[in-house]
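Observations on chain architecture
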Amino acid sequence: MTARRVLVAAIGAALALSAAGCVSSGGSNSTPAAGGTDWATATSAQAAGGFDALVTAAKAEGQLNVIALPPDWANYGAIIKAFGDKYGIKVNSANPEGSSQDEINAVKQLGTQDRAPDVLDLGQSFATGNAPLFAPFKVQTWDSIPAANKDAGGAWANDYGGFMSIGCNTKLVPVCPTTFADLAKPDYAGKVALNGDPTQAAAAFAGVWAAALANGGSLDDISPGVTFWGKLAKSGNLLKVDPTPATVESGQTPIVLDWDYLNVAQAEKVKASFEWKVAVPSDGLFAQYYTQAINKNAPHPAAARLWQEFLYSDEGQNLWLAGKARPVRLVAMTQAGTADAALAAALPPVSGEPKYPTQAQTDAAQKVVAQGWPAATS
């Protein structure tokens, strides 16, 4: 639970999104590394001298600028530490509670400055909608990333994700809701928090779309979700507080709609005080991946590419698993025997088949929510 995902319609990170076109790269602040390699234009480690050369160049740069990566989000704290320790690279983390829009704004506003972000973690629609800002790069494990989860030219790739879920404080809520239908019950007056504003927050937007699916809507019609939350606002069930770990721990937000990996991580944190029960609602099953990309003007282009290599390596993918998120290479790693079986088995159970929108459906849903949400929930 964090403000990190304040982004417009980032939920478009569907497993089945088609690949976008290739974009050109070339950070204007880049300089060729030793041996003549300009890592700002390298589209793969192999094409620019090999992985060892990339490591050498990244260590020479010595730093990596990341943005909007809270340490309690999907295990990012451990991931950042593991990368820094492994390669001796200092990771500069800016605006950890920021949003995908903040990331894009930083790329545009900081341009070629040394403090510009090197890499980006974005909702899908932000990735597809801003691909010209990215430097195409294909990691060594590129072929094991499903085709529907990556740009054909290497501009971006999905990385980790999960399902919309309901987290519940059993100390304050005797009978926890497990479906969207349950959330409308009078028992939950003043108790149900949506993670952010759905006109800006990916998790909240997902919560609206999941509610639509649970109430006669579809991937082509998100309006029943807006209506559903509007009714909860009018009945008093919708608690207009942006949930955070602090609000969960204090009891201020006893029921939270959020990604399963965030709710499960929260359960681990509070288990000594109370049970935070997590359910993936079968009546509104909705899933999403988040996307990685490299700023084409990355001030540390080699470190940026090494970061991508790390995230999509077996080591990096298992670190997502440790954070209760579902890594994009999980199927391939399971088949290869490189996925941590115990961590995979700990993922919340899911019943049914999730719904995955196309980019066109996401764009249309975004407009509906932007236009209807303020009036529906006022």
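First, a word on what this report is: a plain description of the structure on this page.

What counts and how
Sequence order sets the numbering: in each chain, residues are counted from 1 along the sequence as written. Local features are withheld for residues below a pLDDT of 70 in this predicted model, meaning they are given only at 70 or higher, and side-chain atom pairs are given and counted only at 80 or more; totals for whole chains, interfaces and linings count all residues. Side-chain metrics rest on all non-hydrogen atoms present in the structure, leaving aside hydrogens and water. Cysteine sulfur atoms are paired as a disulfide whenever they fall within 2.5 Å. Whether a residue is buried, partly exposed or exposed follows from its accessible area with a 1.4 Å probe, protein chains only, as a fraction of its type maximum: under 20%, in between, or over 50%, in that order. Axis lines are fitted through C-alpha atoms, for helices just across the contact stretch, and the angle between N-to-C directions can take any value from 0 to 180 degrees. Per the convention used, a helix needs a DSSP run of H or I reaching at least four residues, while a strand needs a run of E reaching at least two, with both numbered from the N terminus. Roughly parallel here means an angle under 35 degrees, roughly antiparallel means over 145, roughly perpendicular means 65 to 115, and every remaining angle is called oblique. Left-handed describes a crossing in which the near helix is turned anticlockwise from the far one by less than a right angle; the clockwise case is right-handed. Contact criterion: two residues are considered in contact whenever any of their non-hydrogen atoms come within 4.5 Å of each other. Each residue receives one of three labels: charged for Asp, Glu, Lys and Arg, nonpolar for Ala, Val, Leu, Ile, Met, Phe, Trp, Tyr, Cys and Pro, and polar for the others, Gly being one of them. What counts as a ring pair is set by centres within 6.5 Å for rings of Phe, Tyr and Trp (its six-membered ring), and what kind of pair is set by the plane angle: stacked under 30 degrees, edge-to-face over 60, tilted for all other angles.

**Quick notes on the state of the cysteines**
Going through the model one piece at a time under the given rule, you end up with one disulfide. Paired by a disulfide, cysteine 168 and cysteine 176 hold their sulfur atoms 2.1 Å apart. The disulfide joining cysteine 168 to cysteine 176 has a torsion of about -80 degrees about its S-S bond and is therefore left-handed. Residue class for cysteine 168 comes out buried when judged on its relative accessible area of 1%. In this structure cysteine 176 comes out as buried when scored by relative accessible area, which is 13%.

**Topic: the packing of helix H1 (residues 51–61) against helix H10 (residues 301–311)**
Their axes nearest at 7 Å, the elements H1 and H10 cross at an angle of 125 degrees. In terms of axis orientation, H1 runs oblique to H10. Remark: the crossing between H1 and H10 carries left-handed chirality. Listed contacts from H10 to Phe51, Leu54, Val55, Ala57, Ala58 and Glu61 of H1 are Pro301, Ala302, Ala303, Arg305, Leu306 and Glu309. Of the residues assigned to the contact of H1 with H10, the class counts are nine nonpolar, no polar and three charged.

**Here we look at the packing of aromatic side chains**
If you walk through the whole model with that rule in mind, you get 15 aromatic pairs. Ring geometry for phenylalanine 228 versus tryptophan 229: centroids 5.4 Å apart, planes at 85 degrees, classification edge-to-face. Residue classification places phenylalanine 228 among the buried residues on the basis of a relative accessible area of 7%. We classify tryptophan 229 as buried; its relative accessible area is 0%. An aromatic cluster of at least three residues, connected via ring pairs, comprises Trp73, Tyr76, Tyr160, Trp259, Tyr261, Tyr290 and Trp320.

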